[in-house]
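# Inside the fold
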Amino acid sequence: MKKQSKSTPVTLIAFFITLFVMFVVVAFILLGKANTNANLRPRNLSYDNGWTLVQEGIEGTTVDLPTKITTSASEISVLKKELPSNISSRDAIAVRNYHQLLHVRIGDEIIYAYPNIGWNGVGNMISDEWIVVNLKPEYAGKTISLHFTNTSMFKTSFNISNICYGTDNDVVQYIRDTTFMPYIWGLIIFIIGLFLLIMSWVYGKPTDQRPNTAMGAALLCFGLWLINRSLMPILTRFSGALYLFAVLALMFVPPCIFLYSYYRNKEHRQISFKCYQIAIGADVFLILSCIVIRYNANIIAILCYLLSGIGIVLNGVLLFKSAFGEKANLLTRTELRLNRTEFFANIILPIIVIAESIIFSNRMWTETSMLFRTGLLIYAFIYMMFVFWRNLLAFSDRVTVTKRLKENQLKLMMDQIQPHFLFNTLSAIRILIKMEPDMAYDAMYDFSKYLRANIDNVNNIDGIDFASEVEHIKSYVNIEKIRFGDRVNAEYDIQVDDFFVPPLSIQSLIENAIQYGILPKMRGGTIWLRSYETNDYDVVEIEDDGVGFNRETASHLFSIYSSNDDDVGMESNQVLRTAMTEVMENLNLTDANGNPIVFAGPIKNNDFTEEHQSSHTMNIFLRLREMSGAKFEITSTEGQGTLIRVLIPKN
């Protein structure tokens, strides 16, 4: 309780700090766009008209920019134009390359080379960025030529952007103005991804944050890619290294999306994990092949976009199943609203990708439009709010879980000392006092120990050592033997007892085995209690040769809280359903004829009365799952008996 109450304020603080940062960023956008050197901006920097295009050594027609050209691998395309007759020492020309080698020449003199001469790069992955070339007064009236070399191994089409001419300050400011909004959008997506990672760390211990960690990493990596793709002139000296870093970040996005789907949709993990392996394999292949193969980086971007799109569609399908499928009726109303909110938010991304491919088909894969950035930003913000809402509900509901654990423990104790149990035990002892005084003495000792253990453990939610639980079990079994004689027999094989269990938990399983397994048989039976250890678990086994499970008793055992139980908003329902699901994954039930008894999943208990929910057994599983992290294996054959194996992690 103390840890939970401290974590919630920490997350609230982190959430409001993030909102404040986003508010500052938005204010910076509005103020920056309104005031960024507004009085110094030139009226016209366009230098797009009158360029001559030369391809394969053949001088073509005059073209106006922007334009699209098609070239073969390693082919050089040239744009030529005569410079103005008057050039100042501060004049510059700016052009954007699209993953091409670029040489700028005045006559035969190379005045600029991108990348720098002598730079080998990594696999010839050339960035696309704005390049500013300073001019000298002596270049006035001479012909400037821009030599673009296709770096792809394929014949490809690429755009030649607008070309700007003016003072170097004006040109740089023009580039910053045109790239400002895309840069900020990418920065906000990066911040949201970072916030999700921080939130995952804050909530990591009490709740499962692995899906949010994966999605946070995906948004953070994609935010880095979008920041770089905005082409904002920042750290231009390291532009090649930053571009390579951005490409690597983009390559991490598809695996993170599939990893999110793997953790988020637990019932369909196999397909998500296969896709995750494919994405990782593709990344490794691309990274290794870039060393020896000359790629146009757009090929890598296309592959990453396609894999990410497949991941988003897959996640949408799986979210649809969880929000509208057959098992949706097992969810509480709160869980259902959360799942459907996430599903509808997920739809945003495929819609904007389709719109992007239709509206901007002429520049697909070379630029990321503001439409896509805005749609992704909307999704990221909705997802961030969704995660915060879900985690806040989970934490508040953890209070309900803790309260229910205490109530369950008290109920277990009260169930075990019901009036008829007390009266029957005391009556049996009264008879023994006359007939077998020594046995009566031992029975009274066992009875007092039994009552003392129940009373002492009413408020104990920290667990007791298994040795103490075994002593409590022996006292209980001895009392039952007094009441039922030879119909109840018990054997013990305790190899390890220095681990902790919730009080009254294993004892309650023994009680269930006696009352519902052994006593319904005319001749009674035997119950075996064993404990041993493996490398990872301390194992407790409760076995009986009683009546076993039939379909009706199993249905009661594996029922979960109703979806109308609004007091259990989400987390406690999830905890119990997870426990029940894990039990059913390791369940082997057969009827009297040897035919398997199969259940598709946990069963809703709407058809059971409060008394007939097998809440006693459910509470045992809930307490073992919550307090010890236990796993369960159950094997039962109708008419032959039941084996319950409880695996308690050593850590």
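Above this text you will find the structure in question.
Residues numbered from 1 in each chain as written. Predicted model: local features only at pLDDT ≥ 70, side-chain atom pairs only at ≥ 80, totals over all residues. Heavy atoms only, no water.

### Topic: the overall build of the protein chain
When helices and strands are tallied, the protein chain shows 15 helices and 21 strands. Burial statistics for the protein chain: of 651 residues in total, 51% are counted as buried. If you take every contact in the protein chain between residues at least 6 apart in sequence, the share linking residues at least 24 apart comes to 78%. Put simply, the protein chain shows about 31200 Å² of open surface, and 58% of that area lies on carbon and sulfur atoms. (Helix = DSSP H or I, 4+ residues; strand = E, 2+ residues; numbered from the N terminus. Buried < 20%, exposed > 50% of the residue type's maximum accessible area, 1.4 Å probe, protein only. Contact = heavy atoms within 4.5 Å. Areas by Shrake-Rupley, 256 points an atom, 1.4 Å probe, with all protein chains shown as cover.)

### Looking at the state of the cysteines
Here the structure, examined in full by the defined rule, presents zero disulfides. A disulfide-free cysteine, C221 has its sulfur positioned 5.3 Å from the sulfur of C256, the nearest such atom. The class for C221 is buried, based on a relative accessible area of 12%. (Disulfide = S-S within 2.5 Å.)

### Some thoughts on a nonpolar patch on the surface
Together, L194, I198 and W201 give the surface a local cluster of nonpolar side chains, amounting to about 350 Å² of exposed area. Turning to its location among the elements, I198 is positioned in helix α2 (residues 168–203). (Patch = residues over 30% accessible without salt bridge, like charges linked within 9 Å, V, L, I, M, F, W, Y side chains within 5 Å. Salt bridge = Lys/Arg side-chain N within 4 Å of Asp/Glu carboxyl O.)

### A look at unusual backbone geometry
The omega angle of the peptide bond from L65 to P66 is 0 degrees, so this bond is cis rather than trans. Within the fold, P66 resides in the loop between β2 (58–63) and β3 (67–71).

### Things to note about the nonpolar core
Grouped together as the largest cluster of nonpolar side chains are 51 residues, with contacts concentrated most on F222 and W225. Going through the elements one at a time, α2, α3 (210–229), α4 (239–264), α6 (297–324), α7 (333–359) and α8 (370–416) are the ones with two or more residues in this core. Tallying contributions element by element places α2 first for this core, with eleven residues. If you look at the next biggest cluster of nonpolar residues, it comprises 42 residues, including V470, V501, A513 and I648. (Core = buried A, V, L, I, M, F, W, Y, C linked by side-chain atoms within 4.5 Å.)

### Some points on the packing of aromatic side chains
By convention here, two paired aromatic rings are described through the distance between centres and the angle between planes. Scanning all chains against the criterion turns up 15 aromatic pairs. Ring pairing ties together the aromatic residues Y262, Y263, F273 and Y276, which thus form one cluster. Cation over ring: K81 sits above Y47, and NZ or CZ is 3.7 Å from the ring centre. Looking at K474, its charged tip hangs above the ring of Y492, at a distance of 5.2 Å from the centre. (Phe/Tyr/Trp six-rings, centres within 6.5 Å; stacked < 30°, edge-to-face > 60°. Lys NZ or Arg CZ within 6 Å of the ring centre and 35° of its normal.)

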